[in-house]
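# Observations on the model geometry
Each chain, letter by letter, is given below.
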Amino acid sequence: MIDCSSFYPSTSLADFHAQGHGWADTLVCRLQTAPLPSDAAGSHLWMIIALPLLGAFICGVFGKTLGRANTYLVACGSVAGSFLLSLIILWCVNDYRTVAPNTYGEAFHYAVGWDYGVWFSAGNFRVDFGLMADHLSTSMLLVITGIGFLIHLYSTEYMAHDDGYWRFFAYLNLFVAAMLTLVLGDSLVLLFVGWEGVGMCSYLLIGFWYEDPQKAFAGRKAFITNRIGDFGFLLASFLTVATLTAFIAQAPNDNFSSSRDAAGAASKFKQGLFTRGPLSFAALESFAQAMPSGTDPSRVTLESEIATGPLKGHTYGHILTAILLLFLLGAAGKSAQIPLYVWLPDAMAGPTPVSALIHAATMVTAGVYLFCRMSYLVVLSPFAMAVIAVIGGLTALFAALIAFSQEDMKKVLAYSTVSQLGFMFMAVGSGMFWAAFLHVVTHAFFKACLFLGAGSVMHGNADEGNIRKLGGLKREMKFTWLTFAIATCAITGVVPLSGFFSKDSILHGLHTNHLEQYPAVLHFVWFLGLATAACTAFYMTRLYVLAFEGERAKDARVPHAHESGPAIRLVLGLLAFGSVAAVAWGVPFMDHPSGHEAGVQAPMENYLWPVFNTARQINDRTAFVRSEGEHGLPWGAWGMAWGIALVGTALAFFLYRSFFPARGNKPVPALEPFRKLSFHKFYVDELYDLILIRPIKFISFIFYRVIDAVVIDTIGVRGTAWLTTRFGAMLRYAQSGDAQSYAAVMAVALVAGIVLALWGSM
């Protein structure tokens, strides 16, 4: 290890080198020494969000007046500015002396943050507007702004002939701003603002060409499906408030006995809940640290019953599991897991850069980020972890099987995204949070390259996306072919590209980790992961062979393709390079912080060690997740993963390059039923239409015809008017205008009153 304690921002490289340090050590210390004080860096986090937000405003309001070139400059420049600011924050959080204040306990190292004051409050409930960046959120910042900038740059050429360019770039900037809010928010409430923001922007971008009813429907489908998940997110947040409120009223100081000053720690936690509210991530982390397992009469544990409030009588462990499952529902909507994955393939209706932005860099990884951010809560519920892992495994395999027979390039890639997200959820369910996030990063590079490569293919083929009508693009679009081939090798798991190590780290974790109360679950999910890896190699090779090898179909839209322009080629080249270079994050060669006996770890695991340290400490205490990992390099697992990728690739290459062309591309009768099931997506959309959409439409029709039209309009509105009219007509006869008649009526009424009074007194 390098001792950088004597290195300060004011120390020059030459002076530090003169003290006897090598130039390499000097450079490392410079990169590990923050250029700004913690409070200065934290107080300017808002600028990372403000730049693309300002860009969205300028493009949306003045874009049509500014013209194309100026709109492109504003849109791309705002995201590039956020990227540069994110690099500075990355530099800052690499310094251990950089700390973010924590109202609930000890300050966070390797982090910067700032509390901007009360956002809103209701009674004793309060939410502050606060931002925080640590190693996890900073990595996401670089992915969002870096790849987001490349997608913006790509769009300047791809959308060059669209009349709504100014609106498109306003939506793109707004999308980036919403995702940055999601990542930088230091509470569930602010994260939910970004969560809803990306949902709204996805609706706007997927249905960007709203003149086409099918594309407009796809945008509505995405919006409504995500609202189902968001309902689960809200319920989970409400339960979290009730749980923490009950805990703070019930827990004794002994729950904080791990601290040197238990009473002081308890008091600080209570004060934090009062001053900043219970939905801050710092509050949730402190709650997780103070919540032991087992039975202890002197403490509140997971097995303890809640004593007060609306959750009285339920155990903390059961409520925590319910909270995590509701968050899983929210994550399933945003990150396209069973049963809410159906919106993502239809999101291909939007322009191709939108698909790349949604699938690779932003929205669909929000659910994975949420669980990584709350890893300390996830490890407290082995049942929730088992459900997350199973949902991820089933989604990964199911989506891969659907991708087998799809004929549209973007549809194949869409189901591939759903499948790869399943891998990330498998990692979360097995406690391999760093592996899940490593796959987020590597997937961002190669999936963005694949989607933008598909856009380049369509751009050069008159918007033809049917892979059965393409072919021969290897000769006509050589640069697009090269970058697409590199990204295809990365996602299939070819050594030494990035996808191999990120995917294998997940599979290896599933194989070596065990949930204490559900020992067979992760082994079952491991088999699902192996099958999915083989399927991924098969359908991606099929896509590549049909689009780039062979001959073009006679009924293709154009007889020859043309290569894309310089902006598209530049972006594809950078993303292809990233698909290779990102392997540096996954190769295990660094010393383990626990000592040499614990083996080595990948740079991503080492980098995220401070973020997941609390979850690791909690698991050491509860032993809910047990690991039987190897101390050396997993050569056996690597060999198996390499073999699986080779088998799937070789089989697809043989079938679609030799076998089917020799048969005149006629289908195999024995496989035709499965092909039809896969092509029609196993009729899940039709099933949803039958059991959900049609009944809801029928109930809506009944409410419209019976409740609205008959009860409200006819009886309530028209009936009231009819009764008033008839009653008024009857009273009209009593209003004759004759004074003698009025006097007679008054006299009769007076006599009647006297008679009733006398009768009542008898």
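Notes on the structure in this doc start here. (Residues numbered from 1 in each chain as written. Predicted model: local features only at pLDDT ≥ 70, side-chain atom pairs only at ≥ 80, totals over all residues. Heavy atoms only, no water.)

## Topic: the pairing of strand S3 (residues 112–122)
Of the pairings in the sheet, the one linking S3 to strand S4 (residues 125–133) comprises eight bridges and is antiparallel in character. Looking across to S4, one finds that Val118 is bridged to Asp128. (Pairing = 2+ DSSP bridges. Helix = DSSP H or I, 4+ residues; strand = E, 2+ residues; numbered from the N terminus.)

## Thoughts on the packing of aromatic side chains
By the definition in use, this model includes 35 aromatic pairs. Between Trp119 and Phe120, the ring centres sit 5.4 Å apart and the planes meet at 65°, which makes this aromatic pair edge-to-face. Residue Phe120 is classed as partly exposed on the basis of its relative accessible area of 34%. On the numbers, 5.4 Å between centres and 75° between planes, the contact of Phe168 with Phe208 is edge-to-face. Of the two residues, Phe168 sits in helix H7 (residues 165–184) while Phe208 sits in the loop between helix H8 (188–206) and helix H9 (213–250), which places them 40 residues apart along the sequence. Each member of the pair Phe168 and Phe208 is classed as buried. Connected via pairs of aromatic rings, a cluster forms that spans Tyr341, Phe398, Phe404, Phe538, Phe654, Tyr656, Phe659, Phe660, Phe674 and Phe682. Taking the ring centre of Phe223 as reference, the NZ or CZ of Arg227 above it sits at 4.3 Å. The positively charged end of Arg675 is found above the aromatic ring belonging to Phe679, 5.9 Å away from the centroid. (Phe/Tyr/Trp six-rings, centres within 6.5 Å; stacked < 30°, edge-to-face > 60°. Buried < 20%, exposed > 50% of the residue type's maximum accessible area, 1.4 Å probe, protein only. Lys NZ or Arg CZ within 6 Å of the ring centre and 35° of its normal.)

## Description of the environment of Leu570
Inspection of the secondary structure assignment puts Leu570 in helix H24 (residues 566–581). Placed 420 residues apart in sequence, Leu570 and Leu150 show a C-alpha to C-alpha distance of 8.9 Å.

## What to know about the pattern of salt bridges
Counted according to the given criterion, the structure contains 21 salt bridges. With its nearest N and O atoms 3.1 Å apart, the salt bridge here joins Asp212 to Lys215. Owing to a relative accessible area of 28%, Asp212 belongs among the partly exposed residues under this scheme. Taking the shortest distance from any N to any O, the salt bridge between Asp685 and Lys681 comes out at 3.6 Å. We classify Asp685 as partly exposed; its relative accessible area is 24%. One network of salt bridges, in which partners are shared, links Asp115, Arg126, Asp128, Asp186 and Arg276. (Salt bridge = Lys/Arg side-chain N within 4 Å of Asp/Glu carboxyl O.)

Just distances and angles here, no functional claims.
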